[in-house]
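Spelled out, the chains give:
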Amino acid sequence: PRVPARGRPPSPPGEAPDDPIPPRRACAADPDGAPAVSLVAEAAEGASARRLGLMAVALGVLVFTPDALVMRLSGLDPFALAVCRGVFGGTILIVGCRIVYGRELLAAIRELGLPGLGLSLLEGISTVLFCISIAWTTVANAMLAFGATPLLAALLARLLLGERLARETWAAILAVAVGLGVV
């Protein structure tokens, strides 16, 4: 059986989904119109999707945190750092996507269209700005500012998409704002 997108069971017939995010469109090469499913999601079948997500976040933090220190210690120009991050990060993404999508990788990339191109542009700008921040301020300040990214995304989702935020999220946004003000 296929695993639903984002690791959630489908809503019962006639009921709205729990969140306002529509399911991901299927890749053009998916003949039955079902959401494209990654090998990671299939492997997680029967395991807690939340636990898998938390493990992915923890692994990302473990990789991302020393990355900033190594960037500072390298002494490279911020733009040279951005190129290195782009080359190595892009290679890892291509290999990972090739594993997930197989021969349908190019079809999946084409399916992204202009929104995918815009997202790629924003990611490139973010990488350059991150490298500049590591070079021009302390690693702690740069990491604190980037640590605020999920909360800023939640705030923008509220303002631009009308998503409801839990009381805890509002408290976290306030705490991060105070923390950024202190630094």
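Residues numbered from 1 in each chain as written. Predicted model: local features only at pLDDT ≥ 70, side-chain atom pairs only at ≥ 80, totals over all residues. Heavy atoms only, no water.

### Concerning the overall build of the protein chain
Then step 1. Tallying secondary structure elements over the protein chain gives seven helices and zero strands in all.
Then step 2. When the elements of the protein chain are put in sequence order from the N terminus, they spell out α-α-α-α-α-α-α.
Then step 3. Here the protein chain, with 183 residues, has 19% of them falling under the buried criterion.
Then step 4. Contacts in the protein chain between residues at least 24 apart in sequence constitute 59% of all its contacts with a sequence separation of at least 6.
Then step 5. For the protein chain, the exposed area adds up to about 13,300 Å²; of that, 71% sits on carbon and sulfur atoms. (Helix = DSSP H or I, 4+ residues; strand = E, 2+ residues; numbered from the N terminus. Buried < 20%, exposed > 50% of the residue type's maximum accessible area, 1.4 Å probe, protein only. Contact = heavy atoms within 4.5 Å. Areas by Shrake-Rupley, 256 points an atom, 1.4 Å probe, with all protein chains shown as cover.)

### What about the packing of aromatic side chains?
Then step 1. Evaluated as defined, the whole model comprises one aromatic pair.
Then step 2. Summarising the aromatic geometry, the rings of Phe130 and Phe146 are spaced 4.7 Å apart at their centres and angled 85 degrees between planes, so their arrangement reads as edge-to-face. In this pair, Phe130 sits in helix H4 (residues 105-136) while Phe146 sits in helix H5 (residues 139-147), placing the two residues 16 residues apart along the sequence.
Then step 3. Overall, Phe146 belongs to the partly exposed group, its relative accessible area being 26%. (Phe/Tyr/Trp six-rings, centres within 6.5 Å; stacked < 30°, edge-to-face > 60°.)

### Quick word on a nonpolar patch on the surface
Then step 1. On the surface, Leu121, Leu122, Ile125 and Leu129 cluster together into a nonpolar patch covering about 400 Å² of accessible area.
Then step 2. If you trace the backbone, Leu122 turns up in helix H4. (Patch = residues over 30% accessible without salt bridge, like charges linked within 9 Å, V, L, I, M, F, W, Y side chains within 5 Å. Salt bridge = Lys/Arg side-chain N within 4 Å of Asp/Glu carboxyl O.)

### Concerning the packing of helix H2 (residues 49-74) against H4
Then step 1. At their nearest, the axes of H2 and H4 sit 9 Å apart, and the two run at 60 degrees to each other. Taken together, the axes of H2 and H4 lie oblique to each other. Read as a crossing pair, H2 and H4 show a hand that is right-handed. Taken together, the residues of H4 that come into contact with H2 (itself represented by Phe64, Asp67, Ala68, Met71 and Arg72) are Phe130, Cys131, Ile134 and Ala135.
Then step 2. Split by residue class, the contact of H2 with H4 holds seven nonpolar, no polar and two charged. (Axes fitted to C-alpha atoms, helices over the stretch in contact; angles between N-to-C directions. Parallel < 35°, antiparallel > 145°, perpendicular 65-115°, else oblique. Left-handed = near helix turned anticlockwise from the far one by under 90°. Nonpolar A, V, L, I, M, F, W, Y, C, P; charged D, E, K, R; others polar.)

### Structural notes on the packing of H4 against H5
Then step 1. Between H4 and H5, the least distance of the axes is 8 Å, while the angle of their chain directions is 145 degrees. Taking contact as the criterion, the partners of Ser126, Phe130, Ser133 and Ile134 in H4 are, on H5, Ala142, Met143 and Phe146.
Then step 2. Of the residues that constitute the contact of H4 with H5, the class distribution is five nonpolar, two polar and no charged.

### Brief notes about the confidence of the model for the protein chain
Then step 1. Confidence along the protein chain averages 76 in pLDDT terms, with 74% of residues attaining 70 or more.
Then step 2. Every residue in residues 11-30 is under pLDDT 50, and counting partners more than four places away or in other chains gives 32 contacts. (pLDDT = per-residue confidence, 0-100.)

### Side note on the state of the cysteines
Then step 1. Under the criterion given, the structure shown has zero disulfides.
Then step 2. Residue Cys84 stays outside any disulfide, its sulfur separated by 8.8 Å from that of Cys131, the closest cysteine.
Then step 3. Judged by its relative accessible area of 33%, Cys84 is partly exposed.
Then step 4. On the basis of relative accessible area, Cys131 is assigned to the buried category, the value being 0%. (Disulfide = S-S within 2.5 Å.)

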